[in-house]
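Summary of structural features
The primary structure of each chain is shown beneath.
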Amino acid sequence: MTDLYLIRHGIAAEHGTYQNDDERPLTQEGDRKTRKVASRLKELELELGIILTSPLIRARQTAEILKAAGLSQQLEECAALAPNGNIHDWITEYKTWISTASKPLALVGHQPDLGNWAELLIWGQAKEALILKKAGIIGITLPLKGSPLANSQLFWLTPPKFLLG
């Protein structure tokens, strides 16, 4: 078994304020709160092997904050984490990564995708029931062998307010 953390990007500029939605950055409040969440995760001694992030700026900024807090030394973009990304594309990467993993993996992305991915991993179907708040975290334990779909266990669902203190 290995642990996976699904982390939603922090508070970003309002939808519709940028001509290209992919370019919406974190707001000052989003940056501040995300830094506080990252600091609290470091205090909890969370160590990540790698952080994979959506290529969108708000997710990338969130992932960079997590890395700067010392949660991981590695950060890579993953196209499957963009909005409407395909979990099966990520699972292909996961199967390669898991063979060398010694620490948990983090995925930084968007809602409803991350919530749906969590449901697929845990229950095998997405019902849009798990809501991941901005800078919130879902922790899931994945199997080392076989498909993680409908074969994983939820161990953590935390809105940021519980980490902001």
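Cut-offs used in this document
- Residues numbered from 1 in each chain as written.
- Predicted model: local features only at pLDDT ≥ 70, side-chain atom pairs only at ≥ 80, totals over all residues.
- Heavy atoms only, no water.
- Phe/Tyr/Trp six-rings, centres within 6.5 Å; stacked < 30°, edge-to-face > 60°.
- Helix = DSSP H or I, 4+ residues; strand = E, 2+ residues; numbered from the N terminus.
- Buried < 20%, exposed > 50% of the residue type's maximum accessible area, 1.4 Å probe, protein only.
- Pairing = 2+ DSSP bridges.
- Axes fitted to C-alpha atoms, helices over the stretch in contact; angles between N-to-C directions.
- Contact = heavy atoms within 4.5 Å.

1. Let's talk about the packing of aromatic side chains
In the structure shown here, the tally under the stated rule is 4 aromatic pairs. Both rings, one in Tyr 5 and one in Phe 155, keep their centres 5.6 Å apart while their planes meet at 90°; by these two values the pair is edge-to-face. Of this pair, Tyr 5 sits in strand β1 (residues 2-8) while Phe 155 sits in strand β6 (residues 153-158), and the two are 150 residues apart along the sequence. Centre to centre, the rings of Tyr 5 and Trp 156 are 5.7 Å apart; their planes meet at 85°, and the pair counts as edge-to-face. Of this pair, Tyr 5 sits in strand β1 while Trp 156 sits in strand β6, and the two are 151 residues apart along the sequence. Assessed through its relative accessible area of 21%, Trp 156 is described here as partly exposed. An aromatic cluster is defined as three or more aromatic residues linked by ring pairs; in this entry it consists of Tyr 5, Phe 155 and Trp 156.

2. As for the sheet that holds strand β4 (residues 105-109)
Taken in spatial order, the 6 strands line up as β3-β2-β4-β1-β5-β6 in an open sheet, and their pairing is mixed. Since the sheet does not close on itself, it has two edges, and those belong to β3 (75-77) and β6, each with one partner. For this sheet the average axis-to-axis angle between neighbouring strands, irrespective of direction, equals 20°. Inspection of the sheet shows β1 paired to β4 by 5 bridges, in the parallel sense. Within β4, the residue paired with Arg 8 across the bridge is Gly 109. Those strands touched by helix α2 (residues 57-68) are β1, β2 (50-53), β3 and β4, and its axis lies near 170° from that of β2. Against the sheet, helix α3 (residues 87-98) touches β1, β2, β4 and β5 (137-142), its axis set at about 140° to β1.

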